[in-house]
Amino acid sequence: MSDISYEEINDKYLDVLKEIGNIGAGNATTAIANMLSMTIDMNVPMVDLTPVEKIGGMLGSEEDIIVGIMLEVSSDISGSMMFLLDMESAHHLVNRMMMRDPDYNSDFDEMDLSAIKEIGNIIAGAYLSALSGLTNLTITPSIPYVAVDMAAAILSVPAIQFGMVSDNALIIKTEIGGESAINGYFILMPEGDSYAKILQALGIPI
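Residues numbered from 1 in each chain as written. Predicted model: local features only at pLDDT ≥ 70, side-chain atom pairs only at ≥ 80, totals over all residues. Heavy atoms only, no water.

Student: Just checking my understanding: could you explain the pairing of strand β2 (residues 65-75) for this structure?
Tutor: Here is the key point about a regular strand: its side chains alternate between the two faces of the sheet. Pairing of β2 with strand β5 (residues 145-150) involves six bridges; the strand directions are antiparallel. Note on β5: the bridge partner recorded for Ile66 is Asp149. Here eight bridges tie β2 to strand β3 (residues 79-86), and the two strands are oriented antiparallel to one another. Within β3, the position partnered with Ile69 by the bridge is Phe83. Linking two consecutive strands that pair antiparallel, namely β2 and β3, is a turn of three residues. (Pairing = 2+ DSSP bridges. Helix = DSSP H or I, 4+ residues; strand = E, 2+ residues; numbered from the N terminus.)

Dropping the structure here:
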């Protein structure tokens, strides 16, 4: 199986990848809504394959402070994935989970970071479950870790590592509405021939 270049991904591939994003968003909506006892409407307005070096710019200013939850994926496919939240969205979710005043805006402590990790783990797991269910591939996530830093700093390490094995990352922008708007980005960075495995498992000739 050969690697798939950015130019070779056509609209048909993106339609399938967006469907994975939509199913993952639906799974995540149910899980987060139940955990936080809140009304949530999650949708996937954008799916794209983006050159790794351009990821930072599409998320806004590279100097903006964001929250990143990252984990490795292994088994039938390999690579890494991240879920990124702006600070307003992260504070809203954590405050709801910790049953605080919605306007609480202090720096995150260890308990807050643990809550973020749990939220990110649920959202990431929902997307990976959707991908696994549609492809019948076994996808095993690692324990996630959380970083709160400038976007450029959070994205630099995975971009460098991933840039060694592939040119592009799958970006799924996620909008969570309902009681409050929450914006996030799901980034899947398969290594080597994992894109080919995913598409072949979905019955798409490559």
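After presenting the structure, the write-up continues.
Student: How should I be thinking about the packing of helix α3 (residues 87-97) against helix α4 (residues 110-135) in this particular structure?
Tutor: In a pair of packed helices, the angle between the axes and the distance between the axes together describe the arrangement. Axis separation between α3 and α4 bottoms out at 10 Å; the angle between their running directions is 100°. When the interaxial angle is binned, α3 and α4 end up roughly perpendicular. Residues Leu93, Val94 and Met97 of α3 lie in contact with α4, whose contacting residues are Asp112, Ala115, Ile116, Glu118 and Ile119. (Axes fitted to C-alpha atoms, helices over the stretch in contact; angles between N-to-C directions. Parallel < 35°, antiparallel > 145°, perpendicular 65-115°, else oblique. Contact = heavy atoms within 4.5 Å.)

Student: It is not clear to me how the environment of Asp64 should be interpreted in this structure. Could you clarify?
Tutor: Following the sequence through the fold, Asp64 ends up in the loop between α2 (55-58) and β2. Judged by relative accessible area, Asp64 falls into the partly exposed class, the value being 39%. As a C-alpha pair, Asp64 and Met87 span 23 residues in sequence and 8.9 Å in three-dimensional space. Sequence-distant contacts of Asp64, that is, excluding residues within four places in its chain, are made with Asp149, Met150 and Ala151. (Buried < 20%, exposed > 50% of the residue type's maximum accessible area, 1.4 Å probe, protein only.)

Student: Would you mind going over the packing of aromatic side chains with me for this structure?
Tutor: Aromatic ring pairs are reported here in terms of the distance separating the ring centres and the angle at which the planes meet. Summed over all chains, the structure comprises one aromatic pair. Geometrically, the ring pair formed by Tyr127 and Phe186 is stacked, given 4.3 Å between the ring centres and 20° between the ring planes. Note that Tyr127 is positioned in helix α4 and Phe186 in strand β7 (residues 182-190), a separation of 59 residues in sequence. The two residues Tyr127 and Phe186 agree in class, both being buried. (Phe/Tyr/Trp six-rings, centres within 6.5 Å; stacked < 30°, edge-to-face > 60°.)

Student: Before we go on, may I ask you to explain a nonpolar patch on the surface in this structure?
Tutor: A contiguous nonpolar patch, built from Ile65, Val148 and Met150 and spanning about 220 Å² of accessible area, is present on the exposed surface. With respect to the helices and strands, Ile65 occurs in strand β2. The exposure class of Ile65 is partly exposed, given its relative accessible area of 40%. (Patch = residues over 30% accessible without salt bridge, like charges linked within 9 Å, V, L, I, M, F, W, Y side chains within 5 Å. Areas by Shrake-Rupley, 256 points an atom, 1.4 Å probe, with all protein chains shown as cover. Salt bridge = Lys/Arg side-chain N within 4 Å of Asp/Glu carboxyl O.)

Student: Can you walk me through unusual backbone geometry in this structure?
Tutor: For residues that are not glycine, phi is negative in most cases, and the peptide bond is trans in most cases. With a phi angle near 90°, Ser75 is a residue other than glycine that sits in the positive phi range. Looking at the secondary structure, you find Ser75 in strand β2. For Met99, which is not glycine, the phi dihedral falls at a positive 55°. Along the polypeptide, Met99 turns up in the loop between α3 and α4.

Student: Sorry if this is basic, but what is going on with the environment of Glu175 here?
Tutor: As for its position among the elements, Glu175 is in strand β6 (residues 168-178). Sequence separation of Glu175 and Met46 is 129 residues, and the distance between their C-alpha atoms is 9.5 Å.

Student: Looking at this structure, I do not really get the side chain of Thr135. What am I missing?
Tutor: Position of Thr135 among the secondary structure elements: in helix α4. For Thr135, a relative accessible area of 4% corresponds to the buried category. At 2.7 Å, the side chain of Thr135 and the backbone oxygen of Leu131 are in polar contact. In this structure, Thr135 is in contact with Ile198, Ala201 and Leu202, ignoring residues within four places of it in sequence. (Polar contact = N/O pair within 3.5 Å; in protein donor to acceptor, adjacent residues only side chain to side chain.)

Student: Is there a simple way to explain the side chain of His91 in this structure?
Tutor: Looking at the element boundaries, His91 is found in helix α3. You can call His91 buried: its relative accessible area is 8%. For His91, the contacting residues outside a window of four places in its chain are Tyr104, Asn105, Ser106 and Phe108.

Student: How should I be thinking about the pattern of salt bridges in this particular structure?
Tutor: Applying the stated rule across the entire model yields one salt bridge. A salt bridge links Asp112 to Arg100, with the shortest nitrogen-to-oxygen separation between them at 2.6 Å. One end of the pair, Asp112, is in helix α4; the other, Arg100, is in the loop between α3 and α4, and 12 residues separate them in sequence. Residue classification places Asp112 among the buried positions, given a relative accessible area of 0%.

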